[in-house]
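These are the residues of each chain, in order.
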Amino acid sequence: MPQSLKPVLIVLHQEHSTPGRVGLRLAERGHPLDIRRPRFGDPLPATLDGHAGAIVFGGPMSSNDDEDFIRREIDWMAVPLAEQAPLLGICLGAQMLARQLGARVGPRPDGLVEIGYYPLRATEAGQGLCTWPETVYQWHGEGFDLPDGAALLAEGQLYQNQAFQYGPAAFGFQFHIELTLAMMHRWTTTGADRFALPGAQPRAQHMEGRAVYDAQTSQFLDSFLDFWLRLPRGGAAATEAPAARREPVGLA
């Protein structure tokens with residue numbers, strides 16, 4: 001497919017990070033990638049008129065960190081929200097989006113993390129969107145409360161709020177849909193010290209989980225991207241999201 005479509009803005013947080021499988025699937029669909037790293041001085045656009053959408057990826061930092069680039073990125077998310085342009089936050093990106101919408105981000109009180117493969121359950125709202133994987137790859141020690149006005153699309157056991165939709169075109173996923181096998185090898189090598197954290201799975205379990213569950217994530221990514229890229233600017237989503245579920249303890 002010729003690259004005649006608008007680019008997708010890709011926001012990364014480390015010098016050598018890549019958009020992984022998400023980037024590959026966007027390229028297959030004919031969308032160039034406009035990669036920006038605000039942490040290293042790249043500006044973010046004042047409008048998304050020239051982009052098909054924006055995806056903000058993860059990183060080892062926290063959305064609560066007192067860093068200029070963190071604050072700038074969270075503030076910048078008001079641009080796609082105001083324009084109702086397709087926006088997706090993954091892991092840290094989802095937590096930044098939650099903070100932009102006024103929700104709390106933080107660890108569980110008992111310190112349990114999700115590092116490895118964990119069950120996922122689609123809510124009624126999520127089931128109306130697409131078919132979700134039953135088990136997903138995670139790498140995080142913080143979660144987010146559900147923002148006011150958002151619809152909960154999928155939930156987990158340790159961290160309840162796993163995916164949400166806000167307005168017609170903004171989505172946040174706590175879990176990772178972008179990992180290639182090479183990325184998983186790199187993460188589980190350079191981040192091996194994280195396996196000692198409470199709730200984390202050992203490296204061998206990550207590899208076993210990928211062999212069993214990755215096909216579901218791959219199929220979900222294709223379905224979601226096809227839906228997300230077709231969202232009209234300022235128009236209604238393909239399905240009407242019901243009222244948000246507000247739980248008293250969003251990180252449990």
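For clarity, every value in this text was computed on a predicted model and none was experimentally measured.

A. Structural detail: the overall build of the protein chain. Scanning the protein chain from terminus to terminus reveals seven helices and 12 strands. The C-alpha atoms of the protein chain give a radius of gyration of 17 Å, which matches the 18 Å a tight globule of 252 residues would have. Over its C-alpha atoms, taken along the principal directions, the protein chain stretches across nearly 45 × 40 × 35 Å. Residues counted as buried form 56% of the 252 residues belonging to the protein chain. Looking at the protein chain alone, contacts between residues at least 24 apart form 75% of all its contacts between residues at least 6 apart. As displayed, the protein chain offers around 10700 Å² of accessible surface, 51% of which is attributable to carbon and sulfur atoms. Taken together, the 21 basic and 28 acidic charged side chains of the protein chain have centroids lying 3 Å from each other.

B. Inspection of the environment of aspartate 148 at higher detail. Tracing the backbone through its elements, the reader meets aspartate 148 in the loop between β9 (143–144) and β10 (151–155). When its relative accessible area of 57% is taken as the criterion, aspartate 148 is described as exposed.

C. Representation of empty space enclosed by the protein within the structure. Here the structure, examined in full by the defined rule, presents one cavity of 30 Å³ or more. In this structure, the largest cavity encloses a volume near 60 Å³. The wall of the largest cavity is formed by Arg21, Tyr117, Tyr137, His176, Ile177, Leu179, Met184, Arg210, Asp214 and Thr217. The element best represented in the lining of the largest cavity is helix α7 (residues 203–229), accounting for three residues. In the lining of the largest cavity, the residues fall into five nonpolar, two polar and three charged.

D. A look at helix α1 (residues 20–28). Within α1, burial applies to Gly20, Arg21, Val22, Gly23, Arg25 and Leu26. In this fold, the buried residues of α1 make contact with β1 (8–11), β2 (33–36), β3 (53–56), β4 (87–90), α6 (181–190) and α7. Immediately beyond the C-terminal end of α1, within one or two residues, lies glycine 30, with a positive phi of roughly 90°.

E. Region of the structure containing the pairing of β3. Alternating positions in β3 separate into two faces, Gly53 and Ile55 on one and Ala54 and Val56 on the other, with burial throughout. In terms of strand pairing, β1 meets β3 through four bridges, oriented parallel. Across the sheet, the residue bridging to isoleucine 10 is isoleucine 55, located in β3. Where β3 and β4 come together, three bridges link them in parallel fashion.

The rules we used
Residues numbered from 1 in each chain as written. Predicted model: local features only at pLDDT ≥ 70, side-chain atom pairs only at ≥ 80, totals over all residues. Heavy atoms only, no water. Helix = DSSP H or I, 4+ residues; strand = E, 2+ residues; numbered from the N terminus. Rg over C-alpha atoms; globule rule 2.2 N^0.38 Å. Buried < 20%, exposed > 50% of the residue type's maximum accessible area, 1.4 Å probe, protein only. Contact = heavy atoms within 4.5 Å. Areas by Shrake-Rupley, 256 points an atom, 1.4 Å probe, with all protein chains shown as cover. Lys, Arg positive; Asp, Glu negative; His and termini not counted. Charge placed at Lys NZ, Arg CZ, Asp CG, Glu CD. 1 Å grid on protein atoms, 1.4 Å probe; cavity = no way out; pocket = protein on both sides within 12 Å on 5 of 7 lines; lining within 4 Å. Points joined across faces, edges and corners; volume = space filled by probe spheres on them. Nonpolar A, V, L, I, M, F, W, Y, C, P; charged D, E, K, R; others polar. Pairing = 2+ DSSP bridges.

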